[in-house]
Amino acid sequence: MQSDIKDPTLAPEGKKRIAWAGRDMPVLRSVAERFAKEKPLKDKKLAACLHVTAETANLMLTLRAGGADVALCASNPLSTQDSVAAALVAEGIPVFAIKGEDRDTFFKHLTTVLERGVDLTMDDGADLVSTIHQKYQSLIPNISGGTEETTTGVLRLRAMAKDGALKFPIMAVNDAKTKNLFDNRYGTGQSTLDGIIRATNILFAGKTFVVAGYGWCGKGLAMRGRGLGAEVVVTEVDPIKALEAAMDGFRVMPMNEAAKVGDVFCTVTGNRDVIVKEHFAVMKDGAIVCNSGHFDLEVNLKELEGMAKAVVRGVRPSVDRYDLGGKSIYLLAEGRLVNLAAAEGHPAAVMDMSFATQALACEWMSKQTALAPAVYDVSPEIENSIAEIKLSSMGVAIDKLTPEQKKYLQGWQEGT
């Protein structure tokens, strides 16, 4: 079996990590049990470009249980857990991912997965889909569709659909409530702080923590930062989100002003050039800068490097110091996803819902025969079933509408 990983002998360690994550993923386990019986993905070639973590491994095993011929490459050069990659290969799943791989290797791995043939895609950032459309258009007639895991990817795909460039259907898993209300908010909030603290061992209490962006990721991050005792400042370009942040009790200001007062900065916008030269110029000595958005474009590294008199790599694992002459700025995880590069990503309990949504969305997409090329939402039926299983696993019961209540909500004849 073809694969490209760091070290096959790491498989026993990876197997333990996968099992530990799996114990906290009851919804995905329920899906896997049904998939094993029904084989809804039988003989489907599934190309996956995701973060190669223990949680992702449980998703890959679920898809294989459903009959899929799965191959996995990394969606980020620094997020791969090499022991997990080795364990998946030992289980017979082709993996092409090495933590710290260079750009050329990253794209080589991506194209290797595509060259196996594709019926379904599963993306985290739309790299597979964009590469197919640019370089592997011959694959398109055989592709039933795909799924997209992250905000940045959905934005790219909706732009492709708007321009008429998208040639096969995609389901926006990121936009599902079972994903973004929990994964983006609680997962990003906790795992980003975990990454920052593991990299730096700083005390957050008393620090001024600047959060760039107040989408669901920013909301979760700001909430957790405040919980650790930091004074949180939010920067935004959207007036509604800025107003929401202000009414949630956070200070809101432009980045030009926030750059002067922040001790720790984290971008979670999904956009480029959020922190640039003019911001670095006014930052405090010792400011810590990181990113938890998908790509390493949110912090303008070229401008930071251009300002630096010297760069000291690895002052701590995942920490580089940029000496600007009279002050230093510390960059975490090379500007890539700090929660995955410096820590282990989201906890399994929250990825449980995201990856169950991925699996069920993939099943749904595989059954479609005449979908137009577009970006589709996950159905309420899929979302509700996932929420119900998750609540049951937590021992939580809820009320149900009575027939009279349903009639009242669906009608208009009754007044107030």
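Because the structure is predicted, anything quoted here is derived from the model rather than measured. (Residues numbered from 1 in each chain as written. Predicted model: local features only at pLDDT ≥ 70, side-chain atom pairs only at ≥ 80, totals over all residues. Heavy atoms only, no water.)

Structural notes on the overall build of the protein chain
Next, step 1: A count of helices and strands for the protein chain gives 17 helices and 15 strands.
Next, step 2: Taking 416 residues into account, the globule formula puts the C-alpha radius of gyration at 22 Å, and the protein chain, at 22 Å, falls close to it.
Next, step 3: Once the C-alpha set of the protein chain is aligned to its principal axes, its extents read approximately 65 × 65 × 45 Å.
Next, step 4: Counting over 416 residues, the protein chain shows a buried share of 54%.
Next, step 5: Summarising the internal contacts of the protein chain: among those between residues at least 6 apart in sequence, 70% fall at separations of at least 24.
Next, step 6: In the structure as shown, the protein chain presents an accessible area of about 18,700 Å², 52% of it carried by carbon and sulfur atoms.
Next, step 7: Taking the average location of the 48 positive side-chain charges in the protein chain and that of its 52 negative ones, the two points are 1 Å from each other. (Helix = DSSP H or I, 4+ residues; strand = E, 2+ residues; numbered from the N terminus. Rg over C-alpha atoms; globule rule 2.2 N^0.38 Å. Buried < 20%, exposed > 50% of the residue type's maximum accessible area, 1.4 Å probe, protein only. Contact = heavy atoms within 4.5 Å. Areas by Shrake-Rupley, 256 points an atom, 1.4 Å probe, with all protein chains shown as cover. Lys, Arg positive; Asp, Glu negative; His and termini not counted. Charge placed at Lys NZ, Arg CZ, Asp CG, Glu CD.)

Structural notes on the sheet that holds strand β7 (residues 208-212)
Two strands in a sheet stick together by hydrogen bonds in their backbones, pointing the same way (parallel) or opposite ways (antiparallel).
Next, step 1: Pairing is mixed across the open sheet formed by 8 strands, whose spatial order is β9-β8-β7-β10-β11-β14-β13-β12. In this open sheet, the two edge strands, each paired with only one partner strand, are β9 (251-252) and β12 (310-316).
Next, step 2: The pairing of β7 with strand β8 (residues 231-235) spans 5 bridges and is classified as parallel. From the neighbouring strand, Val-211 faces β8, where its bridge partner is Val-234. (Pairing = 2+ DSSP bridges.)

A word on the pattern of salt bridges
Next, step 1: Overall, the coordinates contain 23 salt bridges when judged by the stated rule.
Next, step 2: Among the ionic pairs, Arg-64 bridges to Glu-91, the shortest N-O distance being 3.5 Å. Here Arg-64 is found in helix α3 (residues 54-65), whereas its partner Glu-91 is found in the loop between α4 (82-90) and β3 (95-96), with 27 residues between them in sequence.
Next, step 3: When its relative accessible area of 31% is taken as the criterion, Arg-64 is described as partly exposed.
Next, step 4: Here Glu-91 falls in the partly exposed class, since its relative accessible area comes to 36%.
Next, step 5: Where Asp-320 meets Arg-313, a salt bridge forms, and the shortest distance between an N and an O atom there is 3.3 Å.
Next, step 6: Members of the salt-bridge network, linked through shared partners, are Glu-13, Arg-17, Asp-194, Arg-198 and Glu-344. (Salt bridge = Lys/Arg side-chain N within 4 Å of Asp/Glu carboxyl O.)

Comments concerning unusual backbone geometry
Next, step 1: For Ser-318, which is not glycine, the phi dihedral falls at a positive 70 degrees.
Next, step 2: If you trace the backbone, Ser-318 turns up in the loop between β12 and β13 (319-323).
Next, step 3: Using a relative accessible area of 30% as the deciding quantity, one classes Ser-318 as partly exposed.
Next, step 4: A positive phi angle, close to 55 degrees, is found at Ala-333, a residue other than glycine.
Next, step 5: Residue position: Ala-333 is located in the loop between β14 (328-332) and α14 (338-341).

Things to note about the sheet that holds strand β2 (residues 69-74)
Next, step 1: A sheet is described by the order of its strands in space; here 7 strands give the open sequence β3-β2-β1-β4-β5-β6-β15, paired in parallel fashion. The sheet is open, and its two borders are formed by β3 and β15 (375-376), each paired with just one other strand.
Next, step 2: With 3 bridges joining them, strand β5 (residues 145-148) and strand β6 (residues 170-172) adopt parallel strand pairing. Looking at the pairing, Thr-147 lines up with Met-171 of β6.

With respect to a nonpolar patch on the surface
Next, step 1: Together, Met-394, Val-396 and Ile-398 make up a nonpolar patch on the protein surface, roughly 310 Å² of accessible area in all.
Next, step 2: Looking at where Ile-398 falls in the secondary structure, it is placed in the loop between α16 (380-393) and α17 (403-410).
Next, step 3: Judged by relative accessible area, which is 60%, Ile-398 ranks as exposed. (Patch = residues over 30% accessible without salt bridge, like charges linked within 9 Å, V, L, I, M, F, W, Y side chains within 5 Å.)

Observations concerning the side chain of Glu-55
Next, step 1: Its place among the elements puts Glu-55 in helix α3.
Next, step 2: Here Glu-55 is buried and forms no salt bridge, its nearest opposite-charge partner Arg-17 lying at an N-O distance of 7.5 Å.
Next, step 3: What Glu-55 contacts, discounting residues up to four positions off in sequence, is Ala-21, Met-25, Glu-344, His-346, Ala-348, Met-351 and Phe-355.

Topic: the packing of α3 against helix α15 (residues 348-366)
Next, step 1: At their nearest, the axes of α3 and α15 sit 10 Å apart, and the two run at 30 degrees to each other. By the angle between their directions, the pair α3 and α15 is classed as roughly parallel. The way α3 lies across α15 gives a crossing that is right-handed. Listed contacts from α15 to Glu-55, Thr-56, Leu-59, Thr-62 and Leu-63 of α3 are Ala-348, Met-351, Phe-355, Gln-358 and Ala-359.
Next, step 2: A per-class count over the contact of α3 with α15 returns 6 nonpolar, 3 polar and 1 charged. (Axes fitted to C-alpha atoms, helices over the stretch in contact; angles between N-to-C directions. Parallel < 35°, antiparallel > 145°, perpendicular 65-115°, else oblique. Left-handed = near helix turned anticlockwise from the far one by under 90°. Nonpolar A, V, L, I, M, F, W, Y, C, P; charged D, E, K, R; others polar.)

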